[in-house]
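Chain by chain, the residues:
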Amino acid sequence: MRINLLDREFVAEVIGTFILTFGGKATALGGLTGESTSSQLTGAFGAGLAVMLALLVTVPVSGGHLNPCITFSWAVSGRFKWRKVPKYLLGQYLGAGLGALAVLLVYFETVDKFGATVIASYPNPLHQHSAVKYEVLDYCNLTFDQFLASTFLLLAFSSIVLEKHNPGPLLMGLSVTGIILALGQNAGCAMNPALDLMSRCVASLWDLTVFPFTANNHFWLIPLIVPHIGALAGVFMHKIIFREDNSDHTKF
């Protein structure tokens, strides 16, 4: 399928995901030297504000998906046209990659000190065990963590958009902040496969290492795959709770 690089929805998703990635990752870098609690608060509110800004820019054009989980789960549930999915996904992954690269360029000195791999998310050090049985339990715990975060995310997104809660961008930003405050300390609360994967790719190329993909028993597979499942759960839970009409809902 050919994708027009000047397509307004495609460009909006690129720009929006760029803003989301840059804002979230730049805030996380700024909290590297702080205490764990203050860093958690900074990261959560920074990510929430980045979501709000990205939505303010993109909602009128593309609906402000900015996340493959949202695009995929809405397409599966019939709320979004499948023919638009490729350009949305490409825009999201491209925007996330450019956003991660911009963070490394802007914060070059910080990256030089700590390494580019810090822009990727990893489980809490408490999840590091030598015994196999604990590693299996940790994998189950981290899988449920990512599932739960994405379920909450899509419940919030679907409720805000379909129930027409206003102001949508602010409410979505606050929802993301709340989810990260609740689950971020466990494994970074990725929720966005494009942001997570492309940050790892850019960090690996920058430092010429595969550490972001091999760390914690290849943890990267969990935030790449599981959020899609959690997103589907969130969408269909919303369908069960709320009665919908047959109109085409794609934007706030």
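Preceding this paragraph is the structure being described.
If you're wondering where the values come from, they're calculated on a predicted model, not measured in any experiment.

When helices and strands are counted, the chain shows 10 helices and 0 strands. Its helices and strands in sequence order give the chain the pattern α-α-α-α-α-α-α-α-α-α, from N to C terminus. Per-residue burial over the chain gives 51% buried out of 252 residues. For the chain, contacts bridging at least 24 residues in sequence account for 81% of all contacts bridging at least 6. Here the chain displays about 12,000 Å² of accessible surface, and carbon together with sulfur accounts for 67% of that area.

Tallied over the entire structure, the rule returns 6 aromatic pairs. The ring of Trp74 carries Arg79 above its face, with NZ or CZ at 5.5 Å from the centroid. Here Arg200 stacks its cationic end above the ring of Tyr122, 5.6 Å away from the centre of that ring.

Turning our eyes to something else, we now look at the environment of Ser199. Along the chain, the position of Ser199 falls in helix α8 (residues 193–207). What makes Ser199 buried here is its relative accessible area of 0%. Once residues lying within four places of it in the same chain are set aside, the contact partners of Ser199 are Thr21, Lys25, Ala100 and Ile119.

Here α8 is 15 residues long and its end C-alpha atoms lie 21 Å apart, about the 21 Å a rise of 1.5 Å per residue gives. Among the residues making up α8, those that are buried are Pro193, Ala194, Leu195, Asp196, Leu197, Ser199, Arg200, Val202, Ala203 and Ser204. Where α8 begins, one side-chain oxygen reaches toward the backbone nitrogen of Ala194, 3.1 Å away; that side chain belongs to Asn192.

Attention shifts here to unusual backbone geometry. Here Asn166 and Pro167 are connected by a cis peptide whose omega angle stands at -5°. Following the sequence through the fold, Pro167 ends up in the loop between α6 (132–162) and α7 (168–187).

Next up on the list: the pattern of salt bridges. By the definition in use, this model includes 4 salt bridges. Residue Lys87 pairs with Glu9 through a salt bridge whose shortest N-O separation is 2.7 Å. Placement of the pair is Lys87 in helix α4 (residues 85–106) and Glu9 in helix α1 (residues 8–30), with a sequence separation of 78 residues. Accessibility assignment for this pair places Lys87 and Glu9 in one class, buried. Across the salt bridge formed by Asp196 and Arg200, the nearest N and O atoms sit 2.8 Å from each other. Here Asp196 pairs with Arg200, and both are found in helix α8, just 4 residues apart, close to one helical turn. Residues participating in the shared-partner salt-bridge network are Asp7, Glu9, Lys84 and Lys87.

Turning our attention to the side chain of Lys87. According to the relative accessible area criterion, Lys87 is buried, its value standing at 12%. Of the polar contacts made by the side chain of Lys87, one reaches the side chain of Asp7; its length is 3.2 Å. At a separation of 2.7 Å, a polar atom in the side chain of Lys87 contacts the side chain of Glu9.

Procedures and definitions
Residues numbered from 1 in each chain as written. Predicted model: local features only at pLDDT ≥ 70, side-chain atom pairs only at ≥ 80, totals over all residues. Heavy atoms only, no water. Helix = DSSP H or I, 4+ residues; strand = E, 2+ residues; numbered from the N terminus. Buried < 20%, exposed > 50% of the residue type's maximum accessible area, 1.4 Å probe, protein only. Contact = heavy atoms within 4.5 Å. Areas by Shrake-Rupley, 256 points an atom, 1.4 Å probe, with all protein chains shown as cover. Phe/Tyr/Trp six-rings, centres within 6.5 Å; stacked < 30°, edge-to-face > 60°. Lys NZ or Arg CZ within 6 Å of the ring centre and 35° of its normal. Expected span 1.5 Å × (residues − 1). Polar contact = N/O pair within 3.5 Å; in protein donor to acceptor, adjacent residues only side chain to side chain. Salt bridge = Lys/Arg side-chain N within 4 Å of Asp/Glu carboxyl O.

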